[in-house]
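Chains, contacts and geometry: an overview
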Amino acid sequence: MIPLLAIAAWSGTGKTTLLKQLIPMLCQRGIRPGLIKHTHHNMDVDKPGKDSYELRKAGAAQTLVASTQRWALMTETPEEEELDLPFLASRMDASKLNLILVEGFKHEEIAKIVLFREDAGHKPEELVIDAHVIAVASDIPLSVDVPLLDINDVEGIADFVVRWMRMM
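What comes next is a walk through the structure.

Rules behind the numbers
Residues numbered from 1 in each chain as written. Predicted model: local features only at pLDDT ≥ 70, side-chain atom pairs only at ≥ 80, totals over all residues. Heavy atoms only, no water. Helix = DSSP H or I, 4+ residues; strand = E, 2+ residues; numbered from the N terminus. Buried < 20%, exposed > 50% of the residue type's maximum accessible area, 1.4 Å probe, protein only. Contact = heavy atoms within 4.5 Å. Areas by Shrake-Rupley, 256 points an atom, 1.4 Å probe, with all protein chains shown as cover. Lys, Arg positive; Asp, Glu negative; His and termini not counted. Charge placed at Lys NZ, Arg CZ, Asp CG, Glu CD. Polar contact = N/O pair within 3.5 Å; in protein donor to acceptor, adjacent residues only side chain to side chain. Expected span 1.5 Å × (residues − 1). Salt bridge = Lys/Arg side-chain N within 4 Å of Asp/Glu carboxyl O. Patch = residues over 30% accessible without salt bridge, like charges linked within 9 Å, V, L, I, M, F, W, Y side chains within 5 Å. Pairing = 2+ DSSP bridges. Core = buried A, V, L, I, M, F, W, Y, C linked by side-chain atoms within 4.5 Å.

**Some remarks on the overall build of the protein**
Counting secondary structure elements, the protein contains four helices and eight strands. Secondary structure elements of the protein, listed N to C terminal, follow the sequence β-α-β-α-β-β-α-β-β-β-β-α. Referenced to the eigenvectors of the C-alpha coordinate spread, the extents of the protein come out at roughly 55 × 35 × 25 Å. Counting all 168 residues of the protein, 39% fall into the buried class. For the protein, restricting intrachain contacts to residue pairs at least 6 apart in sequence, the fraction spanning at least 24 positions comes to 55%. Accessible surface computed for the protein: about 10800 Å², of which carbon and sulfur atoms make up 52%. Taken as two groups, the 18 positive and 25 negative side-chain charges of the protein have centres that lie 7 Å from each other.

**So, the side chain of Thr13**
Along the chain, Thr13 turns up in the loop between strand 1 (4-8) and helix 1 (15-28). Classification of Thr13 as buried rests on a relative accessible area of 1%. Polar contacts involving the side chain of Thr13 include one to the main-chain carbonyl oxygen of Trp10, which spans 2.8 Å. Those residues in contact with Thr13 that lie beyond four places of it in its chain are Leu115, Phe116, Arg117 and Ala120.

**Remarks on helix 4 (residues 154-167)**
The terminal C-alpha atoms of helix 4, which comprises 14 residues, lie 20 Å apart, in line with the 20 Å expected from a rise of 1.5 Å per residue. Summarising the contacts, the buried residues of helix 4 are in contact with strand 1, helix 1, strand 5 (99-103), strand 6 (111-116), strand 7 (133-138) and strand 8 (148-150).

**Side note on the pattern of salt bridges**
Should their charged atoms come close, side chains of opposite charge can pair. Tallied over the entire structure, the rule returns four salt bridges. The partner of Arg29 in a salt bridge is Glu155, and the shortest N-O contact between them spans 4.0 Å. Here Glu155 lies in helix 4 and Arg29 lies in the loop between helix 1 and strand 2 (33-37), a separation of 126 residues in the sequence. In this structure Arg29 comes out as partly exposed when scored by relative accessible area, which is 28%. A salt bridge links Asp93 to Lys96; its shortest N-O distance comes to 3.7 Å. Members of the salt-bridge network, linked through shared partners, are Arg29, Glu155 and Asp159.

**Focus: a negative patch on the surface**
A surface patch of negative charge is lined by Glu118, Asp119, Asp139, Asp150 and Asp153. You can see Asp139 is positioned in the loop between strand 7 and strand 8.

**Observations concerning the pairing of strand 5**
Of all the five residues making up strand 5, five are buried; the element is thus mostly covered by neighbouring parts of the structure. Neither face of strand 5 is exposed, since Leu99, Leu101 and Glu103 on one face and Ile100 and Val102 on the opposite face are all buried. Where strand 1 lies against strand 5, four bridges are found, and the strand directions are parallel. Looking across to strand 5, one finds that Leu5 is bridged to Leu101. Relative to strand 5, strand 2 runs parallel, the two sharing five bridges. Residue Ile36 lies in a different strand from strand 5, and its bridge partner there is Val102.

**A look at the nonpolar core**
Note on soluble globular proteins: their nonpolar side chains tend to be buried together. Judged by nonpolar contacts, the single largest core of 27 residues is most densely connected at Leu5, Leu26, Leu99, Ile113, Leu115, Ile157 and Val161. Among the secondary structure elements, those contributing two or more residues to this core are strand 1, helix 1, strand 5, strand 6, strand 7 and helix 4. Sorting elements by how many residues they give to this core places helix 4 first, with eight residues. The residues contacting Ile157, other than those within four sequence positions of it, are Leu18, Leu22, Ile113, Ala137, Leu149, Asp150 and Ile151. Of all hydrophobic cores here, the second largest spans eleven residues; its members include Leu85, Ala89, Leu97 and Phe105.

If you want it as structure tokens, here you go:
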């Protein structure tokens, strides 16, 4: 099973910004990361007017769009409960990955690096540090019982992730 590592924080804390910098640094260190991003929005990866969009809207339960550069599988789930993270991770190609980064899913029971920014509208005492939190990345000093990382030192965070993966 591919290890899952969530980057968890309140909206506006910089999860996506950190991941956009962290992913290339992990790649430089020989890690092949995948990503699962949770969104609360009704998202659509297809565009109205495109053939694949029109065929999916016509009633196809699954639509796979492929080109020489990439492919994407869209599955309609309007009547189902929200899918759980292990199911989503099982859809990833384990032969191409050795880590799945997860943005969001902060309530899942998986390893997490929790982010905190002083100017993001929350207080340090609001942080939820449960048994699954392996580190906190912050822009201010905090008193926590897990490793404290500098949220602005992405290389340091990448090194921490690599060390964590070796212990798995």
